[in-house]
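Fold and contact review
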Amino acid sequence: LSERLQKAFAGLRRKGKVTESDVSEAMREIRLALLEADVNFKVVKDFIKTVREQAVGSAVLDSLTPAQQIIKIVNDELTKTMGEAAVPLVKAPKIPTVIMMVGLQGAGKTTTVGKLATRLIQQEKARPLLIAADVYRPAAIEQLEVVGQQVNAPVFQLGTDVDPREIVRQGLAQAALQHNDYVIIDTAGRLQIDEKLMAELTDIKAIAQPNDILLVVDAMTGQAATDVATGFNEQLDITGVVLTKLDGDTRGGAALSIRAVTGKPIMFVGQGEKMDALDVFYPDRMANRILGMGDMLTLIDKAQQNFDEKQAADMAEKMRENTFDFNDFLDQMDQVSKMGPMEDIMKMIPGMANNPALKNFKMDPKDIAHMKAIVYSMTPAERVDPDLLNQSRRRRIAAGSARPVQEVNRMIKQFNQSKQVMNQMYKGNMQGMEGLLGG
Ligand code: GDP
Ligand code: MG
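In this text the structure is predicted, and so the values were computed from the model without any measurement.

The rules behind the values
- Residues numbered from 1 in each chain as written.
- Chains lettered and ligands numbered in written order.
- Predicted model: local features only at pLDDT ≥ 70, side-chain atom pairs only at ≥ 80, totals over all residues.
- Core = buried A, V, L, I, M, F, W, Y, C linked by C-beta atoms within 7 Å.
- Buried ≥ 20, exposed ≤ 12 C-beta atoms within 10 Å, placed from the backbone.
- Domains from an automatic or database assignment.
- Contact = placed C-beta atoms within 7 Å.
- Helix = DSSP H or I, 4+ residues; strand = E, 2+ residues; numbered from the N terminus.
- Expected span 1.5 Å × (residues − 1).
- Pairing = 2+ DSSP bridges.
- Axes fitted to C-alpha atoms, helices over the stretch in contact; angles between N-to-C directions.
- Parallel < 35°, antiparallel > 145°, perpendicular 65-115°, else oblique.
- Left-handed = near helix turned anticlockwise from the far one by under 90°.
- Nonpolar A, V, L, I, M, F, W, Y, C, P; charged D, E, K, R; others polar.
- Right-handed = clockwise from strand over helix to strand, strands pointing away.

1. A short note on the nonpolar core
As a rule of thumb, nonpolar side chains are buried together in soluble globular proteins. By size, the foremost hydrophobic cluster in this structure holds 85 residues, and its most contacted members are Leu130 and Val217. Counting contributing residues, this core receives three or more from each of domain 1 (3-81) and domain 2 (97-283). Setting aside anything within four residues of it in sequence, one finds Leu130 in contact with Val113, Ala117, Leu144, Gly148, Ala153, Val155, Phe156, Ile184 and Asp186. In this structure, Phe326, Met371, Ile374 and Val375 belong to the second largest nonpolar core, which totals eight residues.

2. Thoughts on helix α5 (residues 109-124)
An α-helix turns once every 3.6 residues. As a result, residues three or four positions apart point the same way. When the terminal C-alpha atoms of α5 are compared, their 22 Å separation across 16 residues agrees well with the 22 Å that a helix rising 1.5 Å per residue should span. Burial of α5 is extensive: 12 of the 16 residues sit out of reach of the surface. Those residues of α5 lying buried are Lys109, Thr110, Thr111, Thr112, Val113, Gly114, Lys115, Leu116, Ala117, Thr118, Arg119 and Leu120. One or two positions beyond α5, positive phi appears at Lys125, with a value near 50 degrees.

3. Focus on the sheet that holds strand β1 (residues 97-102)
Read from one edge of the open sheet, eight strands run β3-β2-β4-β1-β5-β6-β7-β8, paired in mixed fashion. Of all strands in the sheet, those with a lone pairing partner are β3 (155-156) and β8 (278-280), marking the two edges. With five bridges joining them, strand β5 (residues 212-218) and strand β6 (residues 240-244) adopt parallel strand pairing. Within β6, the residue paired with Leu215 across the bridge is Val241. Sheet strands in contact with helix α8 (residues 195-208) are β1, β2 (128-133), β4 (182-187) and β5, and its direction is about 175 degrees off that of β1. Where helix α9 (residues 224-236) meets the sheet, its contacts fall on β1, β5 and β6, and the angle it forms with β5 comes to roughly 165 degrees.

4. As for the packing of α5 against helix α6 (residues 140-151)
Two elements in contact, α5 and α6, have axes separated by 9 Å at closest approach and are oriented at 20 degrees. Here α5 lies roughly parallel to α6, going by the angle between them. As α5 runs across α6, the sense of the crossing is right-handed. Touching Thr110, Val113, Gly114, Ala117, Thr118 and Ile121 of α5 are Ala140, Gln143, Leu144, Val147, Gln150 and Val151, all from α6. The residue makeup of the contact of α5 with α6, split by class, is seven nonpolar, five polar and no charged.

5. A word on the pairing of β4
Most of β4 sits inside the fold, with six of its six residues counted as buried. Burial of β4 is two-sided: the residues Tyr182, Ile184 and Asp186 facing one way and the residues Val183, Ile185 and Thr187 facing the other way are all buried. Strand direction decides the pairing type here: β1 and β4, joined by five bridges, are parallel. Looking at β4, one finds that Met101 is bridged to Asp186.

6. Remarks on the pairing of β6
The buried fraction of β6 is high, at five of five residues. Because side chains alternate across β6, one face comprises the buried residues Gly240, Val242 and Thr244, and the other comprises Val241 and Leu243, equally buried. On the question of chirality, the crossover connecting β5 to the parallel β6 by way of α9 is right-handed. Pairing between β6 and strand β7 (residues 266-270): three bridges, direction parallel. Of the residues in β7, the one forming a bridge with Leu243 is Val269.

Shown next as structure tokens:
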């Protein structure tokens, strides 16, 4: 979790039950986290309102695990606001499918033309024609030519002295002659939205009748992205958005803002300068990125599906008090084997992936079966008090479970190790686990 959210939820976790004012406190922190991620402030305001209503209205306050529930509501709502699933490009009933790229100067239009062409060529063996309709920047046409060569797609251009409307008209005629199945139009941008640019783009739209108009937005532009998206959408009624430069260190708040103000889907994300650095947009991944939560939520989801809440809470209590014994170890192995490989689960916890304590932590289903056999061969007293396990008892257990004594030794060692790891988590370096287990 980001530090801020960590703090907000730590506050909630300390209590068995939370009050409405606790929720308000958590909402304040979430609000700041979103603003830090550069989400537009108006969007943040509406978002918080929706989440608060859900949090207060639902059974959250009475549940065993309020912090967990609130994180889940925030994440679900964030995902929902950004669109449920990836939206594909429209395909024209009759070739060519026309895609028009629009956006401010430097947003990444020309680069994205090349990336889209690559994608279409690779996935559909498409034969796209790229049209160079940016005649204002001297190097723009040349740049598209270079991109076209890189991705193996022809570029239609008439130099910088011809009106872009005419270039588009002739380009489309050429595509018809050559039976290109896609036409991707690279248009000019400005530093800011202005009337002349919009008039030109509106005309090109009328001429080309594109199946998709994709607004290309630089994710690093943060708060300003909202106004840009609103402006372009009002004038051109865009069909989707490509968010570029997500390989930078931006948290991607622009995705939430743009989607919220325009209602238009984010379709692709640019993750680098190379021609293959274009990915389909996944709202849930972006939600995690905006909240700065790693895979925490996937983990919580898994845990919710598989953990009995009450049992998990008891277990957490035992870990905290360091009274975790072999009976709990058995229970836990049953729970864990339902969730998937333990190493993978541990890695999903932020900060744990590189934890040296996990280096040798490995379990496979067969091992789990053997470990269970070993525990079943212990007496009730031994299960509760592992300190009783001296060498002669270990030999007896080995015989009883038909496992080599070395394996019994190894398992006891592993048990102590995992007990240590769990206890370490409770000693503060891993607050997240506490929420996960319903603490
Ligand atoms: P245009 O003016 O909208 O056509 O923008 P360009 O396509 O010329 O891109 C402007 C700059 O941004 C170029 O240096 C690109 O290499 C770079 N760029 C575009 N998309 C991305 C991206 O997803 N990640 C990174 N790191 N750079 C990008
Ligand atoms: Mg360009």
